[in-house]
Amino acid sequence: TAGTTPLALVEEADLAPRKGDVEGAIKGYTNIIQRRGLTKKERATSYLLRGEAKRDAGRLEEAILDFTRALRQWPGYPQAHFFRGRIYERQGKIMEAYADIARASELDPARESYQTALTVLRKRMADGGLEAPSTAPKPI
């Protein structure tokens, strides 16, 4: 639910990417983020959604910043760790990717996609001569 955020703002931001308007989604989530009175989880969710839109627009560094902002609001947000980790993986930042994806899988061990991504990343690391740490490194 939108909590203190007017439903119209949420609907506008959510509908924009479905209409192919990624920039409209970014603007909509920015409007939500700038509102006063949001809970930390509402603000974190808005940063996450804006980060997804930025990722979809190819603005990967900006997306990483938004996922990091989401984690500052809600450090135990598994999706933010996972999405940031997937971008790090695409960028070849394997240890950073491993830290985030491992943390996501710790926070939500029942989420099969997190476990699968972690398994694939471990194999990729092994194939590249990297050893996965015995304990997950702390995400940035």
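A brief report on the enclosed structure follows. Note that this is a predicted model, so its numbers are computed, not measured.

Some points on the packing of helix 3 (residues 40-56) against helix 4 (residues 60-73)
Turning to step 1, where the next piece is worked out: Packing of helix 3 against helix 4 brings their axes to within 8 Å, and their N-to-C directions diverge by 165°. Regarding the angle of helix 3 to helix 4, the classification is roughly antiparallel. Handedness of the helix 3/helix 4 crossing: left-handed. Residues K40, R43, A44, Y47, L48, R50, G51, E52, K54 and R55 of helix 3 form the contact with helix 4, whose participating residues are L60, E62, A63, D66, F67, R69, A70 and Q73.

Remarks on the packing of aromatic side chains
Turning to step 1, where the next piece is worked out: Taken as a whole and assessed by the stated rule, the structure comprises four aromatic pairs.
Turning to step 2, where the next piece is worked out: On the numbers, 4.2 Å between centres and 20° between planes, the contact of W74 with Y77 is stacked.
Turning to step 3, where the next piece is worked out: Note on W74: relative accessible area 24%, which makes it partly exposed.
Turning to step 4, where the next piece is worked out: One residue, R55, lies across the ring of F83, its end atom 5.2 Å from the ring centre.

The rules we used
- Residues numbered from 1 in each chain as written.
- Predicted model: local features only at pLDDT ≥ 70, side-chain atom pairs only at ≥ 80, totals over all residues.
- Heavy atoms only, no water.
- Axes fitted to C-alpha atoms, helices over the stretch in contact; angles between N-to-C directions.
- Helix = DSSP H or I, 4+ residues; strand = E, 2+ residues; numbered from the N terminus.
- Parallel < 35°, antiparallel > 145°, perpendicular 65-115°, else oblique.
- Left-handed = near helix turned anticlockwise from the far one by under 90°.
- Contact = heavy atoms within 4.5 Å.
- Phe/Tyr/Trp six-rings, centres within 6.5 Å; stacked < 30°, edge-to-face > 60°.
- Buried < 20%, exposed > 50% of the residue type's maximum accessible area, 1.4 Å probe, protein only.
- Lys NZ or Arg CZ within 6 Å of the ring centre and 35° of its normal.

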